[in-house]
Amino acid sequence: MKTTAKNEALRNIAIIAHVDHGKTTLVDGLFRQSGVFRENQQVSDRVMDNMDLERERGITIAAKNCSVTWKGVKINIIDTPGHADFGGEVERSLAMAGGAILLVDASEGPLPQTRFVLKKALDGGLPVIVIVNKIDRADARPEEVLNEVYDLFIDLGADEDQLEFPVLYAIGRDGIAQTTLEGRGENLHPVFDCILENIPAPSFDPEAPFQMIVCDLGYSDYLGRLAIGKVVNGVVKSSDQLVCIGEDGTPKTLKVSKLQVYDGVQLASVDEVHAGDIAVLAGIDDVHIGDTICTKEFPQALPRITVDEPTVSMRFGINTSPLAGREGKLVQSNKIRERLLREALQNVAIRIEESDDRDSFIVKGRGEFQMAIIIETMRREGFELTVGRPEVIYKKEGGKLTEPIERVYVDCDETFMGIVTEKLSIRKGRMVNLVNNGKGRVRIEFSVPSRGLIGYRDEFLTDTKGTGIMNSYLEGYGEYRGDFPTRFTGSIVADRSGVGVVYGIFNLEPRGQMFITAGDPIYEGMIVGEHSRENDINVNPAKEKKLTNMRASGKDEACTLTPVKPMTLERAIHFIREDELVEVTPQSIRLRKTVLSATKRHTMRGASLKAEGDK
């Protein structure tokens, strides 16, 4: 019979929540009150959000580890992303955890992404502590929110032990937690005590040799590739002879140059790591997430980490426009390939495939937001590339075509209910539920194909005048719901190279919304605006006024251009059609046709119309 022991000096816990419910702020408070920082130490807010993009957008993108010590027990904390597009981060980080803290906003309650990450935790059999955060909000409704959390647990099939979860109430920003709603707490000590009482210490087989599952990868300029994971059994020492067992099952010998563990937000070198702790091994070149690292004498693989299949694909390629190479340092296809493969190594939810064209690659992932983050990160690193429109990945099941379906939750003013319902029904959405609490706002639930949501989020904000909230999670695959128009407007396309001129752009403004201003470089095939009608038009924004020596009978009108809304990456990705691309450089985001030549596009359009007529 297999014996198990527990490492009582350790606890591993993941913090899960919806976007913007105060997860990273709470971790900041736990750091400060556990003595990680000196009393006089200057520390920035949201210390765990260490990527520039995370700080700018106020969201967690990558799961990160840290540790605190409380009453002699080391608590490893895993900060997970709250957005479903980064679901791969959640799945691999939960593989290291022995329990989870579910953080819920006292006003908003459990939202779709809460559901997504909580389901992953419950499926893994993890015990959960619920913290109702932001109880100081004017619109806080903690009792109702707690009832909604119970309903969510039951809905997700939680067992009896998981349903008897401990509840804490907190104001994360002030570093306060309490066991009841009465009175006001003084600190976050109840959170630490609750973790020690309710989260089990990691268990292991005392007779088994060393085994560790790789859950994350890192990189250090001094130490090279870092393999991060939980030590499942045994003890590892820095001098041990180890092997790595990959997907093919063959052990590869490796030499560990350094052994580290998390100490606060930093890494600390150690001589040995015991079962249950999260170890960081340096000096291993060929390692992937899901691999098992074990001793040479007893090479035995652990079950691999599995993640949900990707649902969206995008084509990444080199920049082939006439302006290529002017603004970026990294433009070659092999550099883009290397960077994408590096991304796939660190992100288990991403797949890279070679396309029929040697200068482009198919990237598959969870959603267009995840893709936009990868593109934004690459352009900041100096890459220049083109990307196509996101396309959903279809499947054939039982001879029928199926597509990813999302459950969409909309919270908006009553007055906008009609336009939201109309737009989503055009995109093959179906209303599932409607709650009107009589306070002027409604909550609507829809079942919508994933492809219907590509490009809709910006439209939704415009339709609801910025007051609507929309969240969604992937429900699974359902039967294909038929075609629908992706865009009701055409593109205004430049027909020659040059520079935008005030006179030329001013005379094009009645045709639609312009994307360029005077002085911007243009080239044939570049999209310079959105046409107010369905068809594309070729124009000349570089057109100058003809100057003669004849006096005008009236005074010339001054040309004042309408201010142009800056083109963001998400807006560009949502705008383009199948025959269009986004040109991304470190300095600019431009839209263009896949085929730049106006003559070729005209010939191709004629051929496709003829082919349709012959059918």
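From a predicted model like this one, the values you see are computed outputs, not experimental measurements.

## Some remarks on the nonpolar core
Move 1: Within the largest apolar cluster, 61 residues are counted, with the highest numbers of intra-cluster contacts made by L102, L118, F153 and I293.
Move 2: Excluding residues within four positions of it along the chain, L118 makes contact with I16, L102, V128, L152, F153 and L156.

## Some points on helix 10 (residues 417-426)
Move 1: Buried within helix 10 we find V420, K423 and L424. The buried side chains of helix 10 occupy one side of the element, clustering within an arc of 95° when seen end-on.
Move 2: Buried residues along helix 10 sit against strand 26 (400-413), strand 28 (441-449), helix 11 (450-453) and helix 12 (456-463).
Move 3: Once helix 10 finishes, K428 follows within two positions and takes phi at roughly 70°, a positive value.

## Focus on the packing of helix 10 against helix 12
Move 1: Contact geometry for helix 10 and helix 12: axes closest at 10 Å, N-to-C directions at 160°. In terms of orientation, helix 10 and helix 12 fall into the roughly antiparallel class. Seen along the crossing, helix 10 lies across helix 12 with a hand that is right-handed. Contact residues: helix 10 offers I419, V420, K423 and L424, while helix 12 offers Y456, E459, F460 and D463.
Move 2: Grouping the constituent residues of the contact of helix 10 with helix 12 by class yields five nonpolar, no polar and three charged.

## Observations concerning empty space enclosed by the protein
Move 1: Taken as a whole and judged by the stated rule, the model has one cavity of 30 Å³ or more.
Move 2: Taken together, K423, I426, R427, E459, P485 and F488 make up the full set of residues lining the largest cavity.
Move 3: Tallied by class, the residues present in the lining of the largest cavity amount to three nonpolar, no polar and three charged.

## Observations concerning the packing of aromatic side chains
Move 1: Following the criterion strictly, the structure yields five aromatic pairs and no others.
Move 2: Centroid distance F153 to F165: 4.6 Å. Interplanar angle 35°. Geometry classified as tilted. In this pair, F153 is assigned in helix 5 (residues 142-155) and F165 in the loop between helix 6 (160-163) and strand 7 (167-171), connecting sequence segments 12 residues apart. Residue F153 shares its accessibility class with F165, and that shared class is buried.
Move 3: Centre to centre, the rings of Y456 and F460 are 6.0 Å apart; their planes meet at 50°, and the pair counts as tilted. You can see Y456 and its partner F460 sitting in helix 12, four residues apart, about one turn around the helix.
Move 4: Residue class for F460 comes out buried when judged on its relative accessible area of 2%.
Move 5: Here the aromatic cluster, defined as three or more aromatic residues joined through ring pairs, consists of Y150, F153 and F165.
Move 6: The ring of Y477 carries the charged tip of K395 above its face, separated from the ring centre by 4.3 Å.

## Overview of the pairing of strand 15 (residues 258-263)
Move 1: Where strand 15 lies against strand 18 (residues 278-282), four bridges are found, and the strand directions are antiparallel. From the neighbouring strand, L259 faces strand 18, where its bridge partner is L281.
Move 2: Where strand 15 and strand 16 (residues 266-269) come together, four bridges link them in antiparallel fashion. Bridge assignment links Q260 to a residue of strand 16, and that residue is S269.

## Topic: the environment of H189
Move 1: Within the element layout of this structure, H189 appears in helix 7 (residues 189-198).
Move 2: Since its relative accessible area comes to 28%, H189 is described here as partly exposed.
Move 3: For the pair H189 and L30, spaced 159 residues apart in sequence, the C-alpha to C-alpha distance is 8.6 Å.
Move 4: Contact partners of H189, with chain neighbours within four places excluded, come to Q33 and W70.

## Some details on the confidence of the model for the protein chain
Move 1: Averaged over every residue, the pLDDT of the protein chain is 79; residues scoring 70 or more account for 88%.
Move 2: Strand 23 (residues 385-387) holds the highest mean pLDDT among the elements of the protein chain, 89, whereas helix 2 (residues 52-57) holds the lowest, 45.
Move 3: Note that pLDDT drops below 50 for residues 37-63; the model gives that stretch 77 contacts with residues more than four away or on any other chain.
Move 4: pLDDT under 50 marks residues 82-87. Its contacts with residues more than four places away, or in other chains, come to 25 contacts.

## A look at the pairing of strand 22 (residues 360-365)
Move 1: Along strand 22, six of the six residues are buried, which leaves the element largely enclosed by surrounding structure.
Move 2: With antiparallel pairing between neighbouring strands as the criterion, strand 21 (residues 351-354) and strand 22 make up a hairpin whose turn holds five residues.

## Description of unusual backbone geometry
Move 1: Not every positive phi belongs to a glycine, and K134 is a case in point at roughly 60°.
Move 2: Counting through the fold element by element, K134 comes out in the loop between strand 6 (128-133) and helix 5.
Move 3: Although it is not a glycine, K428 sits at a positive phi angle of roughly 70°.
Move 4: Among the secondary structure elements, K428 is positioned in the loop between helix 10 and strand 27 (430-436).
Move 5: According to the relative accessible area criterion, K428 is partly exposed, its value standing at 30%.

## With respect to a negative patch on the surface
Move 1: A cluster of acidic residues, D159, E160, D161 and E164, forms a negative patch on the protein surface.
Move 2: Considering the arrangement of structural elements, one finds D159 in the loop between helix 5 and helix 6.
Move 3: Residue classification places D159 among the partly exposed positions, given a relative accessible area of 40%.

## Considering the side chain of E384
Move 1: Tracing the chain through its elements places E384 in the loop between helix 9 (368-380) and strand 23.
Move 2: Buried and without a salt bridge, E384 has R590 as its closest oppositely charged side chain, separated by 6.7 Å.
Move 3: A polar contact of 3.0 Å, which involves the side chain of E384, links it to the side chain of N319.
Move 4: Once residues lying within four places of it in the same chain are set aside, the contact partners of E384 are N319, L323, A324, G325, R326, E327, G328, L330, V331, I336, V584 and T585.

## Quick word on the environment of T464
Move 1: One can find T464 in the loop between helix 12 and strand 29 (469-479).
Move 2: Taking C-alpha positions, T464 is 8.9 Å from M417, a pair spaced 47 residues apart along the chain.
Move 3: A distance of 2.9 Å separates a polar atom in the side chain of T464 from the backbone oxygen of F460.

Rules used throughout
- Counting restarts for each chain: residues are numbered from 1 in the order of the written sequence.
- For this predicted model, a pLDDT threshold of at least 70 governs which residues receive local features, and a threshold of 80 or more governs which side-chain atom pairs are given and counted, while totals over whole chains, interfaces and linings are taken from all residues.
- In computing side-chain values, all of the structure's heavy atoms are included and hydrogens and water are not.
- What we call a nonpolar core is a set of buried Ala, Val, Leu, Ile, Met, Phe, Trp, Tyr and Cys residues that are connected through their side-chain atoms within 4.5 Å.
- Buried residues are those whose accessible area, probed at 1.4 Å on protein chains only, stays under 20% of the maximum for their type, while exposed residues exceed 50% and partly exposed ones sit between those limits.
- Residue contacts are counted whenever heavy atoms from the two residues lie within 4.5 Å of one another.
- Only DSSP runs of H or I reaching four residues or more are called helices, and only runs of E reaching two or more are called strands; each is numbered from the N terminus.
- Arc, as used here, means the arc of the directions from the helix axis to the C-beta atoms.
- Only the stretch in contact is used when a helix axis is fitted, and all axes are lines through C-alpha atoms; the angle between N-to-C directions ranges over 0 to 180 degrees.
- When describing relative orientation, an angle under 35 degrees is termed roughly parallel and one over 145 degrees roughly antiparallel, while 65 to 115 degrees is termed roughly perpendicular and anything else oblique.
- Note on convention: near helix rotated counterclockwise from far helix by under a right angle means a left-handed crossing. Clockwise means right-handed.
- When residue character is reported, Ala, Val, Leu, Ile, Met, Phe, Trp, Tyr, Cys and Pro are called nonpolar, Asp, Glu, Lys and Arg charged, and the others, Gly included, polar.
- Any residue with an atom within 4 Å of a point lines the site, the site being either a cavity, points on a 1 Å grid over the protein atoms alone where a 1.4 Å probe fits but cannot get out, or a pocket, an open set with protein on both sides within 12 Å along at least 5 of 7 lines.
- Grid points are joined across faces, edges and corners, and a volume is the space filled by probe spheres set on the points.
- Two rings from Phe, Tyr or Trp (for Trp, the six-membered ring) form a pair when their centres sit within 6.5 Å of each other. Planes less than 30 degrees apart are called stacked, planes more than 60 degrees apart edge-to-face, and all others tilted.
- Charges are assigned to positions over rings by a cutoff of 6 Å between ring centre and Lys NZ or Arg CZ, combined with an angular limit of 35 degrees from the ring normal.
- Any two strands with at least two DSSP-identified bridges between them are counted as paired.
- The score called pLDDT rates the predictor's confidence residue by residue, from a low of 0 to a high of 100.
- Each patch is assembled from residues with relative accessible area greater than 30% and no salt bridge, linking like charges that lie within 9 Å and nonpolar side chains (Val, Leu, Ile, Met, Phe, Trp, Tyr) that lie within 5 Å.
- We get accessible surface area from the Shrake-Rupley algorithm with a probe of 1.4 Å; when it comes to residues, only the shown protein chains can shield them.
- Any carboxyl oxygen of Asp or Glu that lies within 4 Å of a side-chain nitrogen of Lys or Arg is treated as forming a salt bridge with it.
- In this tally, Asp and Glu contribute negative charge and Lys and Arg positive charge; neither His nor the terminal groups of the chain are included.
- Positions of charges follow a simple convention, taking NZ of Lys, CZ of Arg, CG of Asp or CD of Glu.
- Counted as a polar contact is a pair of N or O atoms within 3.5 Å, where, for protein atoms, one must be capable of donating a hydrogen and the other of accepting one, and residues adjacent in sequence contribute only when both atoms are in side chains.

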